[in-house]
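Analysis of the macromolecular model
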Amino acid sequence: MNEIIRKIEEEQLKAEAPEFRVGDTVKVYGKIKEGNRERIQVFEGVVLKKQGGSSRATFTVRKNSSGIGVEKTWPLHSPNVEKVEVVRHGKVRRAKLNYLRDRVGKAAKVKELVK
């Protein structure tokens, strides 16, 4: 039974999954359906966490919109995610950045990773 599920999940994986890490600032190009039309909307923010594996993998992006924090969780291999573009790499030392939810202004920023 597990083998059958694994084969079905492998078919649903994207050929090229986007490369990014927690703490990176990314632009997520998501498809939005409005009636019979389809358009692409860009959501730019910091990656708070990545979780799951195979076709169930998700990532959460947080941005500040008019002083209010907005978070969206996206499936990594979803056909509704057109592409994920890395704007800048962040320097973080943990896997989940839940502490950013309580911070405001400059304290909510993640330092840029200089290579």
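Note that the coordinates shown come from a computational prediction; the quantities given were computed from them, not determined experimentally.

A few words now on the pairing of strand β4 (residues 68–75). Both faces of the sheet carry side chains from a regular strand, because those side chains alternate between them. Bridge count for strand β3 (residues 58–65) against β4 is eight bridges, and the pairing is antiparallel. Residue pairing across strands places Asn 64 opposite Gly 69, the latter belonging to β4. Taking the residues between adjacent antiparallel strands as the criterion, β3 and β4 are bridged by two residues, where Ser 66 takes a positive phi near 55°.

With that out of the way, let us pick up the environment of Val 42. Inspection of the secondary structure assignment puts Val 42 in strand β2 (residues 37–51). Here Val 42 is in contact with Lys 27, Val 28 and Tyr 29, once residues within four sequence places are set aside.

Moving on: the side chain of Glu 9. With respect to the helices and strands, the residue Glu 9 is situated in helix α1 (residues 2–12). With a relative accessible area of 14%, Glu 9 lands in the buried category. With near-sequence residues (within four places) excluded, Glu 9 lies in contact with Ser 54, Ser 55 and Arg 56.

Cut-offs and rules
In every chain, residue numbers begin from 1 and rise along the written sequence. Residue-level local features of this predicted model are given only where pLDDT is at least 70; pairs of side-chain atoms are given and counted only at 80 or more, and the full residue set underlies all totals for whole chains, interfaces and linings. Note that water and hydrogens are dropped before the side-chain values are worked out from all heavy atoms of the structure. In this description, strands pair whenever DSSP reports at least two bridges between them. The secondary structure listing takes helices from DSSP runs of H or I that are at least 4 residues long and strands from runs of E that are at least 2 residues long, numbered from the N terminus. Two residues qualify as a contact provided that any one of their heavy atoms is within 4.5 Å of a heavy atom in the partner residue. Throughout this description, buried means an accessible area under 20% of the type-specific maximum (1.4 Å probe, protein chains only), exposed means over 50%, and partly exposed covers the range between.

Fair warning: the whole summary comes from geometry, so function is off the table for now.
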